[in-house]
Protein chains: 2
Amino acid sequence: MKIVSGGICAAKGFKANGIHCGIRKNRTKRDLALIYSEKRANTAAVYTTNLVKGAPLTVTKQNISDGYASAVICNSGNANTCNADGVEVASKTCELLADKLNISPKDVVVASTGVIGQPLDITPIANGIPELVAGLENDKSQQAAEGIMTTDTKLKEIAVSFEIGGKTCKIGGIAKGSGMIHPNMATMLVFITTDCAISSDMLQKALSADIKNTFNMVSVDGDTSTNDMVVVMANGMAENEEIIADGADFEIFMKALNTVTVDLCRKIAGDGEGATKLLECTVSGAKTEDIGKTVAKSVICSALTKAAMFGADANWGRVLCAIGYSGADVDVNKIDVSFKSAKGEIAVCKNGAGIDFSEEKAKEILLENEIEIKVSLNDGEFSSAAWGCDLTYDYVKINGDYRT
Amino acid sequence: MKIVSGGICAAKGFKANGIHCGIRKNRTKRDLALIYSEKRANTAAVYTTNLVKGAPLTVTKQNISDGYASAVICNSGNANTCNADGVEVASKTCELLADKLNISPKDVVVASTGVIGQPLDITPIANGIPELVAGLENDKSQQAAEGIMTTDTKLKEIAVSFEIGGKTCKIGGIAKGSGMIHPNMATMLVFITTDCAISSDMLQKALSADIKNTFNMVSVDGDTSTNDMVVVMANGMAENEEIIADGADFEIFMKALNTVTVDLCRKIAGDGEGATKLLECTVSGAKTEDIGKTVAKSVICSALTKAAMFGADANWGRVLCAIGYSGADVDVNKIDVSFKSAKGEIAVCKNGAGIDFSEEKAKEILLENEIEIKVSLNDGEFSSAAWGCDLTYDYVKINGDYRT
């Protein structure tokens, strides 16, 4: 498997585009994105578990209940959530796009991200769709990725190439992250494309299994969004024998998918609102997989740990505290903690108690912008990882006045 | 019932003191507090559910397992948690104090708050105890309240007077709040004294029932501390007939206790680390008590809602979002939300959707320093409240470098 360029256009038969249609006031920001597969694609998705759900999720869920889609349209700047006419606007968007692409409106995935509770005017979308469709190209993954960004400061895309049965397949993805990121048995806005031939059922199986260790292990601020959605489209144009059951081919596909999703998780966490650092908490020696996950996620979510990391302060007591209140069944007297970055690794806690360490060396390690918080529970064989970011002044600034 | 002065010294037979003994570097900050009851008091307590527990909790729990205590000693500046010799230092503290007060070490409640994982030197405590005991007075509640403060900016004390069987009783309390505040079936550091005669069992029953609606409904940052503890001492010196069962007297006592605890909750939340505003989320119309509590707590804990309140931004979509992911069984299409303060009340969401409102008026309301977020679930008869604070630059500043 190798990393390749092209993002969501890396796989055969996928085109994309992103434009500014006028939903966002800033004319330099794209606010409407489109992904299109020449061949109707087997499609799988997972959605937020928030009871307050964006209208686009309702429409998308119904549209792809048959396991197929040909296009994804997504706007930023408005979540189309908690609006009386939300479903109507989302459905109309599908119809307008389908008409222009000459496909069925039932083959459209529609998504929105932005402010909750402000009516979404269909006008700029209706006006923008002709330009959006006319500009579809097989090298515009970047434009689409920009079109779904909100407070994201960095573009999030990735693609990998791998072989199945002698055929070269590719998977690519783009993501929107930044704030309201705490997927809970669901995930944030991610669109993934592949030319690998795989049945809708197996695609759903792969996606549902994968997100438990990837997107569900990311948190920026503990707030589970109303509009989370991951969609994977597989158009089969790589011409491998279609994957319809477990086996070696499915394993290869799962591994490729995981490479794409882990990369996007790291990009989402590292570009969390206001973040200066990507935090990765790796937990080893857990008695069960659940315990490892619970511990990793609790550490990543701790406001105090996040603020300490921002200050490059080796305040490991906060890590222990977060493990202690996580609800996981751990023996606190067996826990070891160390901090690691490109500058090295330093042990700070052994058997649940502090040990002497060089504050100077710890500072040097923690001043880096990718930090690993290594927790050894010394209580079993399972390992887990979770991704988050530091808590900074800018997080408060961005969210103190997000709407204006 | 009426509010009276005197704090923890309001009730008969209680004396207190607070000094600087040298645990904290800043010589102007008191770091050792003492509460003493002339008469051995029936005592009840609740503790953090964090698996990582401060050593003082282990010692206190054992000491008051018989339901009695005569004194509370508490230091700030060091949590005495995750230290190999923690229990030894806490036990030694009890012995040194008991010797000076001429009581049993088993009648001492010991508590600590501050940094986790730094050894606590017994020397300043040993040197300070003679001065601490010599200075005991019945008008030094304030000194004791200061002695338990960490990053708190305001002193937290309250006392009420009430009558039981023709006898005047008093209850007073002090609290330490500020950071690592998210009690979970437990609570933060609070000491309450009363001269009301009440058995240890009934005292424990009253306390355990009360905290479910008071301290457990407070969150500053979602981090459940390792050193949470609430202790109530009742020395019976009001000479009312001892409360030994449910009934009218117990109801009066519960109400008085609740007045003290709600007041301390509001003070803790309003003085959360970096806070500029006290937030109260009141939920009405819940189908069950649990649903009301879950919703109120979820709103109060939402980083995005907290940041919006800091910016006086009526971003009610974040309130809806936090209700939606709370896990509570609610009908999102029935939810109404309004914001209220001394400047008035403004409705912003009706039946789960936005309504037109004056942004100007909303801003005026939200610029106040006590904000009520009113949620009507319109789905039942239960009400709940939770307390928190806004998320500010100063929270990040305080916690980016807490140890140095």
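Residues numbered from 1 in each chain as written. Chains lettered and ligands numbered in written order. Predicted model: local features only at pLDDT ≥ 70, side-chain atom pairs only at ≥ 80, totals over all residues.

Engineer: How should I be thinking about the packing of helix α5 (residues 200–213) of chain B against helix α6 (residues 248–270) of chain B in this particular structure?
Structural biologist: Any two packed helices are characterised by the angle at which their axes cross and by the distance between the axes. Residues and elements named next belong to chain B. Taken N-terminus to C-terminus, the directions of α5 and α6 make an angle of 50°; their axes are 10 Å apart at the nearest point. When the interaxial angle is binned, α5 and α6 end up oblique. Every pair of crossing elements has a handedness; the one defined by α5 and α6 is right-handed. On α6, the residues that touch Met-202, Ala-206 and Asp-210 of α5 are Phe-250, Phe-253, Met-254, Leu-257, Asn-258 and Thr-261. Looking at the contact of α5 with α6, its residues break down into six nonpolar, two polar and one charged. (Axes fitted to C-alpha atoms, helices over the stretch in contact; angles between N-to-C directions. Helix = DSSP H or I, 4+ residues; strand = E, 2+ residues; numbered from the N terminus. Parallel < 35°, antiparallel > 145°, perpendicular 65-115°, else oblique. Left-handed = near helix turned anticlockwise from the far one by under 90°. Contact = placed C-beta atoms within 7 Å. Nonpolar A, V, L, I, M, F, W, Y, C, P; charged D, E, K, R; others polar.)

Engineer: Would you explain the interface of chain A and chain B in this entry?
Structural biologist: Note on interface size: it is often stated as the accessible area lost on association of the parts. Tallying the contact residues gives 52 residues for chain A and 52 residues for chain B. Those elements that provide at least two residues to the side of chain A that touches chain B are α8 (303–310), α9 (317–324), β13 (353–354) and α11 (393–400) of chain A. With six residues, α9 of chain A is the single largest residue contributor to the side of chain A that touches chain B. Looking at side-chain class alone, the side of chain A that touches chain B contains 26 nonpolar, 21 polar and five charged residues.

Engineer: Which parts of the structure should I look at to understand the relation of the copies chain A and chain B?
Structural biologist: These two copies of the chain differ by a rotation about an axis and a displacement along the same axis. Note on the copies: chain A fits chain B at an RMSD of 0.0 Å, the axial shift is 0.0 Å, and the rotation between them is 180°. What the rotation and shift describe, once combined, is the action of a two-fold rotation axis. Taking C-alpha positions as reference, the residue of chain A nearest the rotation axis is Tyr-393 of chain A, located at 2.5 Å. Mapped onto chain B, 100% of the interface residues of chain A are again interface residues, and the two copies thus contact each other with one and the same surface. (Least-squares fit on C-alpha atoms with pLDDT ≥ 70 in both.)

Engineer: Is there a simple way to think about helix α10 (residues 359–366) of chain A in this case?
Structural biologist: Residues and elements named next belong to chain A. Residues of α10 that are buried include every one of Ala-362, Ile-365 and Leu-366, and no others. Here the buried residues of α10 occupy an arc of 90° about the axis, which is enough to place them on one side. Turning to α10, the residues buried within the fold contact α8, β11 (336–341), β12 (344–350) and β14 (370–376). (Buried ≥ 20, exposed ≤ 12 C-beta atoms within 10 Å, placed from the backbone. Arc of directions from axis to C-beta.)

Engineer: Hey, could you run me through the domain arrangement of chain A in this one?
Structural biologist: Residues and elements named next belong to chain A. Segmentation of chain A into domains returns domain 1 (2–270) and domain 2 (278–400). Taken together, the contact pairs eleven residues of domain 1 with 13 residues of domain 2. A class-by-class count of the residues in the side of domain 1 that touches domain 2 yields five nonpolar, five polar and one charged. (Domains from an automatic or database assignment.)

Engineer: Sorry if this is basic, but what is going on with the sheet that holds strand β10 (residues 278–286) of chain B here?
Structural biologist: Residues and elements named next belong to chain B. As summarised here, the arrangement of the six strands in space is β13-β12-β11-β14-β10-β15, forming an open sheet in which the pairing is mixed. Looking at which strands have only one partner, the edges of the open sheet turn out to be β13 (353–354) and β15 (382–389). Examined bridge by bridge, β10 and β15 share seven bridges and lie antiparallel to one another. Paired with Cys-281 across the strands is Ala-386, a residue of β15. Strands β10 and β15 of the sheet are contacted by α6, whose axis makes an angle of about 40° with β15. (Pairing = 2+ DSSP bridges.)

Engineer: Please explain the sheet that holds β12 of chain A as it appears in this structure.
Structural biologist: Within a sheet, each strand pairs with its neighbour through backbone hydrogen bonds, oriented either parallel or antiparallel. All names here are of chain A. Pairing in this open sheet of six strands is mixed, and the strands run β13-β12-β11-β14-β10-β15 from one edge to the other. A strand with exactly one partner marks an edge of an open sheet, and here the two such strands are β13 and β15 (382–389). Inspection of the sheet shows β12 paired to β13 by two bridges, in the antiparallel sense. From the neighbouring strand, Lys-350 faces β13, where its bridge partner is Ala-353. Those strands touched by helix α7 (residues 289–301) are β10 (278–286), β14 and β15, and its axis lies near 20° from that of β15.

Engineer: Looking at this structure, how should I read the pairing of strand β4 (residues 68–78) of chain A?
Structural biologist: A regular strand places its side chains on the two faces of the sheet in alternate fashion. Residues and elements named next belong to chain A. Burial runs high along β4: ten of the eleven residues are buried. The pairing of strand β3 (residues 32–47) with β4 spans seven bridges and is antiparallel. In the strand pairing of β4, Asn-42 is matched with Tyr-68.

Engineer: Quick question: what am I supposed to make of the packing of α8 of chain A against α9 of chain A here?
Structural biologist: Residues and elements named next belong to chain A. Two numbers describe how α8 lies on α9: the axes approach to 9 Å, and their chain directions differ by 160°. Judged on the interaxial angle alone, α9 and α8 are roughly antiparallel. When you trace α8 past α9, the crossing you get is left-handed. Listed contacts from α9 to Leu-304, Thr-305 and Ala-308 of α8 are Arg-318, Val-319 and Ala-322. Grouping the amino acids of the contact of α8 with α9 by side-chain chemistry returns four nonpolar, one polar and one charged.

Engineer: Looking at this structure, I do not really get the environment of Glu-360 of chain A. What am I missing?
Structural biologist: Within the secondary structure, Glu-360 of chain A sits in helix α10. Measuring from C-alpha to C-alpha, the distance between Glu-360 of chain A and Asp-152 of chain A comes to 33 Å, with 208 residues separating the pair along the chain.

Engineer: Explain the pairing of strand β11 (residues 336–341) of chain B to me, please; I cannot follow it from the model alone.
Structural biologist: All names here are of chain B. Relative to strand β14 (residues 370–376), β11 runs antiparallel, the two sharing five bridges. Pairing of Val-337 across the sheet is with Val-375, part of β14. As paired elements, β11 and strand β12 (residues 344–350) share five bridges and run antiparallel to each other. Bridge pairing in β12 links Phe-339 to Ile-346. The hairpin formed by β11 and β12 contains two residues between the paired strands.

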